[in-house]
Amino acid sequence: MSDSTGGGESGSTSGQDAEADSEPPLRVPPLRGDDSFEVEETSEEGAPPSAKRARMNEEDQALEEGAKPVNMHGDTSAQASLQQEDEVTATEREGEQRKEEADEGENEGPVSGGGEKECHQNGEAEHDTHGEEGEMKPAEVHSSNGSADSPSEVHHLGLDFTQNPQMLTGSWSEYSRFPENYLKGCKWAPDGSCILTNSADNVLRVFNVPPEIYSYNWDLLPEMSPALRMAEGDTVYDYCWYPKMNSLDPDTCFLASSSRDNPVHLWDAFYGDVRASFRPYNHLDELTAAHSLCFSPDGTQLYCGFDKTVRVFYTDRPGRDCEERPTIVKKQGQSGIISCFGFSPCQSVYACGSYSRCAGLYSCQDGTLLALLPTRHHGGLTHLLFSPDGNYLYTGGRKDPEMLCWDLREPGKVVFSLKRNVSTNQRIYFDLDQSGRYLLSGDTEGVVSVWDTQTAPLDGEEELLQPQLQFQAHWDCTNGISVHPFMPLLATSSGQRQFPWPGDSDGDSASEGEGGEVVMSPQETRQDNTLSLWWAGPLGTPAEGAQDQSPAAEEACGATAAV
């Protein structure tokens, strides 16, 4: 234990930890809206030659070129002045027309007419940002990251689960360098620019989205390579993105991770260095590791889960100072290790799942227990999610094939249940799209299931909701799935710890079939440690490249898995 701890604290980590107690190395500034280009200009000084930085420059250059049509066409000053006069005249005419329409709207009725007109104008603005043909360009996609228009962009692009998603590309050779280097989940960045993965070698990897995806050049998609590798000292328990992360502002590009016998680390997502450390200590003044992590929605606080305790750190104040919130008070409350968190998008409420097979709702202000949901799961909770409207809570556990949808307006009521194959203790993630309609989850057999929650009866008796779509994503356990914030893209991760069968190492007749043929164990034939990207949108002419690419990528993935 001491060696692993020292490994995690030596090198670059030790210097950052020493700095953390003296003065905060990071103060997270608020995100900027209209002056995003100004942030970009100031952030280019001293920028690292990373893949993320190179791609950002190409997209920003496209933005700048598209913003100056007069210079691109080489208009003279006289022509420019004529254009300005025409624009002024057109603007005056447009203003007079709007004034006439407004007068007519007052006569017809301000409530209904005004509301419809406002919705129509928002729709027109969204259509303009996507281009005339409805295709989202790379620069436009990147400039809209983290904006309030993301849900409407999802509606515009549309997830299409009437047919199986098409595999675009992935990463498989990266995880074949280490024996049994299975993945432990994948998470899109809040701005959709990159993917974060965790694997058995205790290395966090950041993959940039291939630029060819934005331009629909899917026949040219190469295998993905990580832009960053961040090595933890021991087994990684949990990891999460900073919720206000935006690639245009490098100060917001960081993530948190917790590993065994190590403090909680904040990693810089541009350089791969440790920015700060949070040190939780127990009642014996011993360093203890957090089993789960989650930032508050505004990013100012970091919630850490422990045995019967939640500790809250402030993001801009690293060190050991924290607020302790016990989940059991006077022998009443939620017992067990707090294994997962979730924050309500509409109320100041967060949910905690524990290995005691139950979930609790707490107040964000002081951690007061608001409600304790009944114990319905057969295994400890490993993941939970709020619906976008905050009315429902989805929970799932380990060695438990049942996922439950709870109605938080009537705490304790289960609206419907969903079935998946979970036969191990591994954490298997599930995810919701931005609209909250589709729920996706993998299972231990590599199958991804998609449920349409709108088909569930919200009134009446609880029933089992059948999946709308199921497809074989991997040969091994599909433990991670993440839906892109505003594009119809899915990221899946696969793999699990393999245990040899008793007959595999004996070399006797137990491992041989009839005729002396060697019988391979199912683990050997199904081993698949892969990160994959899938297109889950409408299939048209651009998607033909993805259909051609998918068999080749699967063949390469199969060759790597067989090795």
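Reading the values: rules and limits
Residues numbered from 1 in each chain as written. Predicted model: local features only at pLDDT ≥ 70, side-chain atom pairs only at ≥ 80, totals over all residues. Heavy atoms only, no water. Helix = DSSP H or I, 4+ residues; strand = E, 2+ residues; numbered from the N terminus. Buried < 20%, exposed > 50% of the residue type's maximum accessible area, 1.4 Å probe, protein only. Contact = heavy atoms within 4.5 Å. Areas by Shrake-Rupley, 256 points an atom, 1.4 Å probe, with all protein chains shown as cover. Pairing = 2+ DSSP bridges. Axes fitted to C-alpha atoms, helices over the stretch in contact; angles between N-to-C directions. Polar contact = N/O pair within 3.5 Å; in protein donor to acceptor, adjacent residues only side chain to side chain. Phe/Tyr/Trp six-rings, centres within 6.5 Å; stacked < 30°, edge-to-face > 60°. Lys NZ or Arg CZ within 6 Å of the ring centre and 35° of its normal. Salt bridge = Lys/Arg side-chain N within 4 Å of Asp/Glu carboxyl O. pLDDT = per-residue confidence, 0-100. Disulfide = S-S within 2.5 Å.

A few words on the overall build of the protein chain. Each helix and strand counted, the protein chain has 12 helices and 31 strands in total. Within the protein chain, buried positions represent 49% of all 563 residues. Within the protein chain, counting contacts between residues at least 6 apart in sequence, those at least 24 apart form 59% of the total. Taken as a whole, the protein chain presents about 26,700 Å² of accessible surface, with 48% of it coming from carbon and sulfur.

Here four strands make up an open sheet; going across it, the order is 10-11-12-13 and the pairing antiparallel. The two strands at the open ends of the sheet, each matched to only one other strand, are strand 10 (292–295) and strand 13 (323–326). On average, adjacent strands in this sheet sit at an angle of 20° to one another, irrespective of strand direction. With four bridges connecting them, strand 12 (residues 309–314) and strand 13 associate as antiparallel partners. Its bridge partner lying in strand 13, Thr 309 is registered against Pro 326.

Let's shift gears to the sheet that holds strand 7 (residues 254–259). Taken together, the four strands give an open sheet; going across it, the order is 6-7-8-9, and neighbouring strands pair in antiparallel fashion. Two strands bound the open sheet, and with one partner strand each, they are strand 6 (236–241) and strand 9 (274–278). Pairs of neighbouring strands in the sheet enclose a mean axial angle of 20°, with direction left out of account. By the bridge criterion, four bridges tie strand 7 to strand 8 (residues 264–268) in an arrangement that is antiparallel. Bridge pairing in strand 8 places Leu 255 opposite Trp 267.

The subject of this paragraph is the side chain of Ser 449. By secondary structure assignment, the location of Ser 449 is in strand 26 (residues 447–452). By relative accessible area, Ser 449 is classed as buried at 3%. A polar contact is formed between the side chain of Ser 449 and the side chain of Gln 470, at a distance of 3.0 Å.

Turning next to the packing of aromatic side chains. Counted according to the given criterion, the structure contains 16 aromatic pairs. Ring centres of Tyr 303 and Phe 343 lie 4.9 Å apart, and the angle between their planes is 75°; on these two criteria the pair is classed as edge-to-face. Here Phe 343 lies in strand 16 (residues 338–343) and Tyr 303 lies in strand 11 (residues 301–306), a separation of 40 residues in the sequence. Joined through ring pairs, the aromatic side chains of Tyr 303, Phe 341, Phe 343, Tyr 350 and Tyr 362 make up one cluster. The ring of Phe 306 carries Arg 311 above its face, with NZ or CZ at 4.5 Å from the centroid.

Let's shift gears to the side chain of Lys 187. Topologically, Lys 187 is positioned in strand 2 (residues 183–188). In terms of polar contacts, Lys 187 uses its side chain to reach the backbone carbonyl oxygen of Tyr 239, at 2.5 Å. Setting aside chain neighbours within four positions, we find Lys 187 in contact with Cys 194, Ile 195, Leu 196, Asp 238, Tyr 239, Cys 240, Trp 241, Tyr 429 and Ser 482.

All right, on to the pairing of strand 31 (residues 531–535) then. Across the five residues that make up strand 31, a large majority, five, are buried. Residues of strand 31 alternate between two faces, with Leu 531, Leu 533 and Trp 535 on one and Ser 532 and Trp 534 on the opposite face, all of them buried. Summarising the sheet, strand 1 (residues 166–171) and strand 31 pair through five bridges and their orientation is antiparallel. By the bridge assignment for strand 31, Thr 169 is matched with Leu 533.

Here we come to the environment of Glu 410. Counting through the fold element by element, Glu 410 comes out in the loop between strand 22 (402–407) and strand 23 (413–419). According to the relative accessible area criterion, Glu 410 is partly exposed, its value standing at 43%.

Using the criterion set out here, one finds 13 salt bridges in the structure. Across the pair Lys 187 and Asp 238 runs a salt bridge whose closest N-O atoms are separated by 3.8 Å. Here the residue Lys 187 occupies a position in strand 2, and Asp 238 occupies one in strand 6, the gap between them amounting to 51 residues. Between Glu 324 and Arg 311 there is a salt bridge; the shortest N-O distance is 3.5 Å. Of the two residues, Glu 324 is situated in strand 13 and Arg 311 in strand 12; the sequence distance between them amounts to 13 residues. A relative accessible area of 47% places Glu 324 in the partly exposed class. Salt bridges sharing common partners tie together Glu 174, Arg 177, Asp 201, Arg 205 and Arg 229.

What follows is about the confidence of the model for the protein chain. Chain-level statistics for the protein chain give a pLDDT mean of 74 and a share of 63% at 70 or above. Within the model, pLDDT remains below 50 along residues 1–91, and this stretch shows 108 contacts once partners closer than five positions in the same chain are excluded. Between residues 504–524, whose pLDDT stays under 50, and residues either more than four places distant or in other chains, the model counts 16 contacts.

Let us look at unusual backbone geometry. Apart from glycine, the bulk of residues carry a negative phi angle, and the bulk of peptide bonds sit in the trans form. Even without being a glycine, Lys 308 presents a positive backbone phi close to 60°. As for its placement among the helices and strands, Lys 308 is situated in the loop between strand 11 and strand 12. One non-glycine residue, Lys 330, lies in positive phi territory at about 55°. Position of Lys 330 among the secondary structure elements: in the loop between strand 14 (328–329) and strand 15 (332–333). Take Lys 330: its relative accessible area is 80%, and that puts it in the exposed class.

Before going further, it helps to examine the environment of Ser 354. Position of Ser 354 relative to the elements: it lies in strand 17 (residues 349–354). It is 4.3 Å that separates the C-alpha atoms of Ser 354 and Ile 338, two residues lying 16 residues apart in sequence. The residues contacting Ser 354, other than those within four sequence positions of it, are Gln 334, Ser 335, Gly 336, Ile 337, Ile 338, Ser 339, Gly 380 and Leu 381. Polar contacts involving the side chain of Ser 354 include one to the side chain of Gln 334, which spans 3.3 Å. A polar contact of 2.5 Å, which involves the side chain of Ser 354, links it to the side chain of Ser 356.

Our next topic: the state of the cysteines. Structurally, a disulfide amounts to a covalent bond that connects the sulfur atoms of two cysteines. Applying the stated rule across the entire model yields zero disulfides. Here Cys 294 is not disulfide-linked; the sulfur of Cys 240 is the nearest cysteine sulfur, at 6.0 Å. Lacking any disulfide linkage, Cys 322 is separated from the closest cysteine sulfur, that of Cys 304, by 8.0 Å.

A few words now on the pairing of strand 9. Of all five residues in strand 9, five are buried; the element is thus mostly enclosed. With four bridges joining them, strand 8 and strand 9 adopt antiparallel strand pairing. If you follow His 265 over to strand 9, its bridge partner there is Ser 277. Linking two consecutive strands that pair antiparallel, namely strand 8 and strand 9, is a turn of five residues; a positive phi of about 85° is found at Gly 272 within it.

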